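Listed below, chain by chain, are the residues.
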Amino acid sequence: MIRAAIIGTGFFAPENVVTNDDLAQIIDTSDKWITERSGIKERRWLAMGEDGRTVLNGAEMGAKAAERAIANAGIENSDIDQVIFATLNPDVAFPGNGVFIEELLGLNTAGAMDIRNQCTGFVYGLAAADGFIRAGTAKTVLVIGGEIQSTALDKSDRGRDMSVLFGDGAGAVVVQAKEGDQGVIASVLHSQGRYARDLWLEGPVATMEGRIDSAMIDEGRHFPKMNGQIVFKHATRRFCESINEVLEKGGFTPEDIDLMVPHQANQRITDAVGQRLGLKPEQVFSNIAKYGNTTAATIPIALAEAVEEGRLKKGDLLVTVAFGSGFTWGANLVRW
Ligand code: UT7
């Protein structure tokens, strides 16, 4: 049986570390509040160059993560026939970041597709890669999750509930058609648009001549907004539901999981999910303390770190799970 096997992982985290204490210098917040509410101690925010732009763009961060994943997989760039780039923050309004990866890595006209599913982008991207491979549309797919959050955040006291949570970074996996047990066993994907406005970035808007005006800017509608408590409640419930659903599809139970790599949204969410499913600490991966929430990038960054730390071994049963803006949520069940 042909399966979509993850054969390489890599990540890129910008050098510039921003600690909770650094944030407390510019925003009315504290290390104690951020640590207790989210588990985050520090995050990476791309440094600014003299030209007033970040020193790297999102596609360049994605390409760095991808180069590491390609080297880790032991393949050549020319082996890739499809790029899937998950981000809620493309570098420009269009085209999406996928085509810039084609250019940066010299992929010789490989297909490029962008996924706009926010924190759930990587889970959707891996499911799409699995679909392409099973259908014979592609043999080797590069799935990247990458985000620049730092330039979009409201770094005044008004935006403190959001700005302390998010970070920049990119992660990538190489997914290849393989005969055997290794690979994606099942995925589940869900959405509920009635909650779209509980976590969104409204402007610029397509329906407005010029797309944005000074009233929108004055009201801060060009910054992301979140109803934190509603997101928290739904996230915890949907994480558990989708893990159980994807396990059931594969004929497994929570105790069969070797490693759960959840979207790194909040340590309290991860802990609540682990507790509800009766998972042991060694079954759950967390690195939110170091990077914060990098939306579509959290899972591929975590996968690459889990591999480096020897937490994922051949034959292990892996579950990736995410929830985010949309609301969207889902999970992948993978034999490593
Ligand atoms: O990736 C998916 C998207 N995001 C998530 O999954 C995040 C889900 N939600 C959360 O993680 C939590 O709701 C937060 C971490 C965002 C907030 O935690 P909370 O326990 O729900 O706090 P809260 O919103 O109820 O706010 C409690 C207090 C408020 O003050 P008052 O009204 O009680 O006086 C806030 O104004 O904390 C205040 N607050 C802050 N204080 C210090 C909000 N942000 C901050 C801050 N520093 N950065």
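Computed from a predicted model, the values in this text were never measured in an experiment.

What follows is about the site of the ligand. In the neighbourhood of the ligand, 22 residues make up the surrounding shell, with T29, R37, Q229, H263 and N266 lying closest. Between the ligand and T29 there is a distance of 2.7 Å, counted from a nitrogen atom to a side-chain nitrogen or oxygen. Coverage of the ligand by the protein chains reaches 74% of its 950 Å² of free accessible surface. Looking at the shell around the ligand, the elements with two or more residues in it are α2 (31-38), α6 (160-163), α8 (228-250) and α9 (267-276). Examining the composition of the shell around the ligand, we find that four residues originate from one element, α8, more than from any other. Among the residues making up the shell around the ligand, the classes are represented as 11 nonpolar, six polar and five charged. Summarising the domain contributions, the shell around the ligand has at least three residues from each of domain 1 (2-180) and domain 2 (185-285 + 294-335).

With 40 residues, the main nonpolar core has I243, M260 and V273 as its most contacted residues. Secondary structure elements with two or more residues in this core: β8 (183-191), α8, α9, β12 (317-324) and β13 (328-335). When residues of this core are sorted by domain, at least three fall in each of domain 1 (2-180) and domain 2 (185-285 + 294-335). Setting aside chain neighbours within four positions, we find M260 in contact with I243, V273, L279, Q283, V284, F285, V319 and V321. Within the second largest apolar cluster, 30 residues are counted, among which are V141, L259, A296 and A322.

The next thing to look at is the sheet that holds strand β6 (residues 140-147). Strand-to-strand pairing in sheets goes through backbone hydrogen bonds, with the strands running parallel or antiparallel. Across the sheet, which stays open at both edges, the five strands sit in the order β1-β7-β6-β4-β5 with mixed pairing between neighbours. If you trace the sheet from one side to the other, it starts and ends with β1 (2-12) and β5 (111-115), each paired once. For this sheet, the mean angle separating the axes of adjacent strands, direction not counted, is 20°. As defined by bridge partners, β1 adjoins strand β7 (residues 169-179) across 10 bridges and the pair is classed as antiparallel.

Now for the pattern of salt bridges. According to the stated counting rule, one finds 11 salt bridges in the structure shown. Across the salt bridge formed by D154 and R158, the nearest N and O atoms sit 2.7 Å from each other. Given a relative accessible area of 47%, R158 falls into the partly exposed group. A salt bridge links R238 to E241; its shortest N-O distance comes to 2.8 Å. One end of the pair, R238, and the other, E241, are both in helix α8, three residues apart, so they sit about a helical turn from each other. On the accessibility criterion, E241 (32% relative accessible area) is partly exposed. Sharing partners across several salt bridges, the network here consists of E202, E219 and R221.

What follows is about the domain arrangement of the protein. Reports often express the size of an interface as the amount of accessible area lost when the parts come together. By the assigned domains, the protein splits into domain 1 (2-180) and domain 2 (185-285 + 294-335). For domain 1 and domain 2, the distance between their C-alpha centres works out to 14 Å. With 42 residues of domain 1 in contact, the opposing surface of domain 2 contributes 43 residues. For the pair domain 1 and domain 2, the two sides together bury roughly 3,100 Å², of which 66% comes from carbon and sulfur. For domain 1, the biggest contributors to the area lost against domain 2 are F11, C119 and V123; these three give 19% of the whole. Scanning the region where domain 1 abuts domain 2 turns up zero salt bridges. If you look at where domain 1 meets domain 2, you find 12 residue pairs in polar contact (both at pLDDT 80 or more). Counting residues per element, the ones that place at least two in the side of domain 1 that touches domain 2 are β1, α2, α5 (121-135), β6, α6 and β7. When residues in the side of domain 1 that touches domain 2 are grouped by element, the largest group, seven residues, is from α5.

Parameters and conventions
- Residues numbered from 1 in each chain as written.
- Predicted model: local features only at pLDDT ≥ 70, side-chain atom pairs only at ≥ 80, totals over all residues.
- Heavy atoms only, no water.
- Near = heavy atom within 4 Å.
- Polar contact = N/O pair within 3.5 Å; in protein donor to acceptor, adjacent residues only side chain to side chain.
- Areas by Shrake-Rupley, 256 points an atom, 1.4 Å probe, with all protein chains shown as cover.
- Helix = DSSP H or I, 4+ residues; strand = E, 2+ residues; numbered from the N terminus.
- Nonpolar A, V, L, I, M, F, W, Y, C, P; charged D, E, K, R; others polar.
- Domains from an automatic or database assignment.
- Core = buried A, V, L, I, M, F, W, Y, C linked by side-chain atoms within 4.5 Å.
- Buried < 20%, exposed > 50% of the residue type's maximum accessible area, 1.4 Å probe, protein only.
- Contact = heavy atoms within 4.5 Å.
- Pairing = 2+ DSSP bridges.
- Axes fitted to C-alpha atoms, helices over the stretch in contact; angles between N-to-C directions.
- Salt bridge = Lys/Arg side-chain N within 4 Å of Asp/Glu carboxyl O.
- Buried area = accessible area lost by both parts, 1.4 Å probe.

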